[in-house]
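Here's the letter readout for the chains.
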Amino acid sequence: MTKLLSMLPLASQMAPNDYVGFTFFVGCMAMMAASAFFFLSMNGFDRKWRTSILVSGLITFIAAVHYWYMRDYWAAFGESPTFFRYVDWVLTVPLMCVEFYLILKAAGAKKSLMWRMIFLSLVMLVTGYFGETIDRDNAQVWGLISGIAYFVIVYDIWIGEAKKLATAAGGAVLSAHKMLSWFVLVGWAIYPIGYMAGTPGWYDSIFGGLNLDVVYNIGDAINKIGFGLVVYSLAVAKSE
Ligand SMILES: *C/C=C(C)/C=C/C=C(C)/C=C/C1=C(C)CCCC1(C)C
């Protein structure tokens, strides 16, 4: 009987004090629920807003699939699933840039703005990956380059071209843009904290008590689901 049971693809065991595993599990469920919500509500909106809601759903759906694997990976190896984490981000963060563009399209946003943001986000993520994996000894340098790319994105949306377009559009678009900008300034700033907690350097003593994965999982839940809900609210406001 035990032999038979061991052949079944049972869920991995999870210790009651495995709080890292717990955040992977809850994160996975939350992303699934959010995806169902976005996909099922899509058809209630005007054509124009459907794409935006679809992208919100794709962001949480891609994350849900990755969380499924990350949860498993953590349970099996007790190690940070860095590879899956960054594949997830490389797909979802550019989609968030697309979301900014879609919202500002009516105000005259050009595709070049979108590509610029996508490029910057990829620089931010690829350098972060180097610092966490193949060149951990220079994690500070990679983190710095990544941080610069991040600040250029923040500049673009708070002060630069994106901000100007949002101001010109006014109304619900401006307030949604403002909310999304806060997500990028405050919500995205959670990630460097996780990075500093999980890579070697002088900051070990400051962030040493934190777990990189817990910080990243909290960041993802806030940023992916919250971001999608802002877009959803804008669509509701605009469809009335
Ligand atoms: C859904 C996933 C999101 C919104 C991920 C965002 C990730 C970041 C903003 C990561 C930023 C980083 C830095 C600014 C410096 C250190 C390295 C990173 C990649 C953790």
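Our structure is the block above this text.
Structural notes, computed from the coordinates. Source: prediction; values computed, not measured.

1. Concerning the nonpolar core
- Membership of the largest hydrophobic core comes to 66 residues, with the highest contact counts inside it found for L104, M124, V184 and W188.
- Of the residues forming this core, the biggest block, eleven residues, is contributed by helix α4 (residues 82-105).
- With residues near it in sequence (within four places) discarded, W188 still touches V93, M96, M124, Y150, I153, F183 and N223.

2. Some points on the site of the ligand
- Inspection of the region around the ligand gives 17 residues, with W89, M124, S146, Y191 and K224 positioned closest.
- When isolated, the ligand has an accessible area of 520 Å², and the protein chains bury 99% of it.
- Going through the elements one at a time, α4, α5 (111-132), α6 (139-158), α9 (190-198) and α11 (212-239) are the ones with two or more residues in the shell around the ligand.
- In terms of residues, the shell around the ligand owes the most to one element, α4, which gives five residues.
- In the shell around the ligand, the residues fall into eleven nonpolar, four polar and two charged.

3. What about the environment of V141?
- On the secondary structure map, V141 appears in helix α6.
- A C-alpha to C-alpha distance of 13 Å links V141 and V123, two positions 18 residues apart in sequence.

Calculation rules
- Residues numbered from 1 in each chain as written.
- Predicted model: local features only at pLDDT ≥ 70, side-chain atom pairs only at ≥ 80, totals over all residues.
- Heavy atoms only, no water.
- Core = buried A, V, L, I, M, F, W, Y, C linked by side-chain atoms within 4.5 Å.
- Buried < 20%, exposed > 50% of the residue type's maximum accessible area, 1.4 Å probe, protein only.
- Helix = DSSP H or I, 4+ residues; strand = E, 2+ residues; numbered from the N terminus.
- Contact = heavy atoms within 4.5 Å.
- Near = heavy atom within 4 Å.
- Areas by Shrake-Rupley, 256 points an atom, 1.4 Å probe, with all protein chains shown as cover.
- Nonpolar A, V, L, I, M, F, W, Y, C, P; charged D, E, K, R; others polar.

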